[in-house]
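# Summary of structural features
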Amino acid sequence: MSPEQWTRSGTSSATEGTAGPPAATAAKPTREQVIAGLRATSEGGADLVQLLTPEGQRVEHPDFDIDISAAQLRDLYRDMVLVRRADREGNALQRQGQLGIWVPLLGQEAAQIGAGRAMQPQDMAFPSYREHGVAWCRGIDPTELLGIFRGTDHGSWDPNATRFHLYTIVIGNQCLNAAGYAMGQRFDGKVGDADGEATLVFFGDGATSQGDVHEAMVWSAVYDAPVVFFCQNNQWAISEPLERQTRVPLYQRASGYGFPGIRVDGNDVLASLAVTRWALDECRQGNGPVLIEAFTYRMDAHTTSDDPTRYRLADEQEAWKLKDPIERLRVHLIREQIAAQDFFDGVDAEADELAARLREFCFNMPEPPPARMFSEVYAEETPQLAAQREEYLRYLAGFADDEAMAGGVR
């Protein structure tokens, strides 16, 4: 539309008595209104999908109910307990100087385990750097994460075999990778029925302010890419609260791209499982992308280099402790007589064994040889890379020669 046409349409011409933007978009909400719209209630608002209350009570939902066996419920509890214990051990190892940094997931176990267990073997996951629980669901042992945070590798698993991509440190970049991969799934004809493929990509609320995330959603919408955008809204983008990131609840942003958005209780493993399972099925059937906002809370620091006491209040954290994802499932298992004390004792003992194994592995991790940084770059080594490797090894050998000469002088 030309400027003249725009003026004649009566939508922006100040000379025809329409000064400023339309009334529908002119009003600016107050800070209080923004926060109220984002959070609505402490549980995430009227649109929140929840199947298990913080008190451990099973509730029904007209659209996202789920049939699940007692054994499956016990398995979900075990998953969350073991993942939390591995996370706490990683945190302790960093504090003791064994890791350069650690990214805690404390409080987000239900969102990750629910989403991870909703995946089929043929699906592909793209994580950020906090998805230790999803890694667990894809068969990746926690010991394989340690090299990333020790600075010795970028991840030791095979993404093609595990259907779980390597961790992505650049905020939001994994969304572009996932969108491209999902477009390939569509172009290759791998969607259209229940046995089709889908892609699941994880990111935080802070990443929604990155251009990569929006570009990924645009491309995915245009090409009906089978990708589920799974946003773990843990309320804080490091020190920035959610209300400084958006005026509307994050799940509502999906409507602007033309695909469904839904908010789920991210501390409810059953709801997270049910909603993600539905969303992935939508993608496999060829219905295009879906945005899930898992409404949860980061109980620990953003990373071990962060001090959350400088920017958030203790009473907020105490309130979220009452919504702990593991405790609510534990209470449900006890209330419904699905698990006895020996089961919980067995899981706790298994968690102790996992922590001990993780610690033993970390203390005895071998230092990779210097040449490894060149051998793990391309599938086939290029002449330029080979030249760089030889130059670097000669450089390191020079230090050994200097030490030998110094020893001879002595």
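First, a word on scope: everything that follows refers to the structure included in this document. (Residues numbered from 1 in each chain as written. Predicted model: local features only at pLDDT ≥ 70, side-chain atom pairs only at ≥ 80, totals over all residues. Heavy atoms only, no water.)

### A closer look at the sheet that holds strand E7 (residues 290-295)
Strand pairing in a sheet relies on backbone hydrogen bonds, with the paired strands running either antiparallel or parallel. For the record, the criterion: Paired strands, as defined in this entry, are two strands with at least two bridges between them according to DSSP. Only DSSP runs of H or I with at least four residues qualify as helices, and only runs of E with at least two residues qualify as strands; both kinds are numbered from the N terminus onward. Under this scheme, a helix contributes an axis fitted over its contacting stretch, all axes are lines through C-alpha atoms, and angles between N-to-C directions fall in the 0 to 180 degree range. Here, two residues are considered to be in contact whenever any of their heavy atoms come within 4.5 Å of each other.
An order of E1-E2-E3-E7-E6 is seen for the five strands of this open sheet, with the pairing classed as parallel. The open sheet terminates on both sides in strands that have one partner only, identified here as strand E1 (124-126) and strand E6 (261-265). Here the average twist between neighbouring strands, direction ignored, is 20°. Sheet strands in contact with helix H5 (residues 109-118) are strand E2 (199-204), strand E3 (227-233) and E7, and its direction is about 165° off that of E3.

### Describing the nonpolar core
The test is simple: By nonpolar core we mean a set of buried residues, namely Ala, Val, Leu, Ile, Met, Phe, Trp, Tyr and Cys, connected to one another through side-chain atoms within 4.5 Å. The rule is simple: take the accessible area with a 1.4 Å probe, protein chains only, and divide by the maximum for that residue type; under 20% is buried, over 50% is exposed, in between is partly exposed.
Core analysis: the biggest nonpolar cluster contains 70 residues, and Tyr77, Tyr167, Ile292, Leu329 and Leu333 have the highest contact counts within it. If near-sequence neighbours (up to four positions away) are discounted, leucine 329 is found in contact with Leu52, Leu73, Leu76, Tyr77, Met80 and Val269. Ala179, Leu250, Ala254 and Leu291 belong to the second largest nonpolar core, which has 22 residues in total.

### Let's talk about the environment of leucine 250
You can see leucine 250 is positioned in the loop between strand E5 (240-241) and helix H11 (254-257). Sequence separation between leucine 250 and isoleucine 262 is twelve residues; the distance between their C-alpha atoms is 9.0 Å. Leave out the neighbours within four places in its chain, and leucine 250 touches Asp205, Thr208, Cys231, Asn233, Leu242, Leu291 and Glu293.

### Let's talk about unusual backbone geometry
Excluding glycine, most residues fall at negative phi; most peptide bonds, likewise, are trans. Even without glycine at this site, aspartate 224 takes up a positive phi of about 50°. Secondary-structure assignment places aspartate 224 in the loop between helix H10 (211-222) and E3. Its relative accessible area of 35% is what places aspartate 224 among the partly exposed residues. With a phi angle near 55°, glutamine 337 is a residue other than glycine that sits in the positive phi range.

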